[in-house]
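For reference, the chains in residue letters:
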Amino acid sequence: MRISPLSRRSAIFLLMAAMNVGLIPMAHGEAPAPDAIVGIWEADDGTVKLDMFRSGAEFQARMLYGNEIVEADKVTFKKDARNPDAALRSRSLKNIVFITGLRWEDGEWSGGSIYDASSGRTYNCKATVKDGKMHLRGYLGLPAMGQTRTFHRTRG
């Protein structure tokens, strides 16, 4: 049985095209999956540890540790004394959900809010995961008007 040169060229072309399509994600870095943000993360400077989790269609976070939310003994959690809601000022900051509303879209988690217990203010936030690091940005108004903290994944 003889294969025509056109068929052989077509087969080689298709094989090369398939190989190139398979390499594109590696060349540009694969986008993280929506649940890539879920887990325990610690700030690179060691001052904050948080637990990111999924709640329905959104992602949230609990503060597990933070030098701004514990007393000088580094064990006792402070009260939420600066909360604008007077009824919440006597609650402990232990395990409060301080990030809410993050939604996965276009390779990042955006549309969220982050509560800063040290000031009692709430900011907009978004997050990205790149090269195994989570970059969490809190901002007012425009993302350019904010601050980014970098976190690495930890075990419990």
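Q: Any chance you could explain the overall build of the protein here in plain terms?
A: When its secondary structure is counted, the protein shows one helix and eight strands. Sequence-ordered secondary structure for the protein, helices as α and strands as β, is α-β-β-β-β-β-β-β-β. Looking at the protein as a whole, 29% of its 156 residues are labelled buried. Sequence separation of 24 or more characterises 38% of the internal contacts of the protein that already satisfy a separation of 6 or more. Accessible surface for the protein amounts to roughly 10100 Å². Of this, 56% is attributable to carbon and sulfur atoms.

Q: Please clarify how the packing of aromatic side chains should be interpreted in this entry.
A: How two aromatic rings sit relative to each other is set out by the distance from centre to centre and by the angle between their planes. Tallied over the full model, the rule gives two aromatic pairs. Ring geometry for Phe59 versus Trp109: centroids 6.5 Å apart, planes at 85°, classification edge-to-face. Taken together, the residues span a long stretch of sequence, with Phe59 in strand E3 (residues 58-66) and Trp109 in strand E5 (residues 108-116) at a distance of 50 residues. Here Phe59 and Trp109 have matching classes, each one buried. Here Trp104 and Trp109 contribute two aromatic rings whose centre-to-centre distance is 4.6 Å and whose plane-to-plane angle is 55°, an arrangement assigned as tilted. Exposure remark for Trp109: the relative accessible area of 0% places this residue in the buried category. Aromatic ring contacts, followed pair by pair, group Phe59, Trp104 and Trp109 into a single cluster.

Q: Would you explain the sheet that holds strand E1 (residues 39-43) in this entry?
A: Each strand in a sheet pairs with its neighbour through backbone hydrogen bonds, running either in the same direction (parallel) or in the opposite one (antiparallel). Around the barrel, eight strands lie side by side as E1-E2-E3-E4-E5-E6-E7-E8; this closed barrel has antiparallel pairing. Taken over all neighbouring pairs, the strand axes of this sheet differ in orientation by 30° on average, direction set aside. Note that E5 and strand E6 (residues 121-130) share six bridges and pair antiparallel. If you follow Tyr115 over to E6, its bridge partner there is Thr122.

Q: Mind showing me how you'd approach the layout of surface pockets here?
A: To find the voids left in a structure, one rolls a probe of water-molecule size over its atoms. Of the voids in this model, the largest pocket is the one considered here, and its volume is about 600 Å³. What lines the largest pocket is a set of 27 residues, and nearest its centre among them are Phe98, Ile114, Tyr115, Asp116 and Arg149. The set of elements that each furnish at least two residues to the lining of the largest pocket consists of strand E2 (48-55), E3, E5, strand E7 (133-139) and strand E8 (146-154). Tallied by class, the residues present in the lining of the largest pocket amount to 16 nonpolar, seven polar and four charged.

Q: For this particular structure, what's the right way to read the nonpolar core?
A: In globular proteins that are soluble, nonpolar side chains generally tend to be buried together. In this structure, Leu50, Met52, Phe98, Ile99, Met134 and Phe151 are the most contacted members of the largest nonpolar core, which totals 27 residues. Excluding residues that lie within four positions of it along the chain, Phe98 makes contacts with Leu50, Ala61, Arg62, Met63, Ser113, Ile114 and Tyr115.

Q: Please clarify how the environment of Lys79 should be interpreted in this entry.
A: Tracing the chain through its elements places Lys79 in the loop between E3 and strand E4 (97-105). Taking the C-alpha atoms as reference points, Lys79 and Arg89, 10 residues apart in sequence, are found 6.5 Å from one another. Once residues lying within four places of it in the same chain are set aside, the contact partners of Lys79 are Arg89, Ser90, Arg91, Ser92 and Leu93.

Here is what the cut-offs are and how they apply
- Residues numbered from 1 in each chain as written.
- Predicted model: local features only at pLDDT ≥ 70, side-chain atom pairs only at ≥ 80, totals over all residues.
- Heavy atoms only, no water.
- Helix = DSSP H or I, 4+ residues; strand = E, 2+ residues; numbered from the N terminus.
- Buried < 20%, exposed > 50% of the residue type's maximum accessible area, 1.4 Å probe, protein only.
- Contact = heavy atoms within 4.5 Å.
- Areas by Shrake-Rupley, 256 points an atom, 1.4 Å probe, with all protein chains shown as cover.
- Phe/Tyr/Trp six-rings, centres within 6.5 Å; stacked < 30°, edge-to-face > 60°.
- Pairing = 2+ DSSP bridges.
- Axes fitted to C-alpha atoms, helices over the stretch in contact; angles between N-to-C directions.
- 1 Å grid on protein atoms, 1.4 Å probe; cavity = no way out; pocket = protein on both sides within 12 Å on 5 of 7 lines; lining within 4 Å.
- Points joined across faces, edges and corners; volume = space filled by probe spheres on them.
- Nonpolar A, V, L, I, M, F, W, Y, C, P; charged D, E, K, R; others polar.
- Core = buried A, V, L, I, M, F, W, Y, C linked by side-chain atoms within 4.5 Å.

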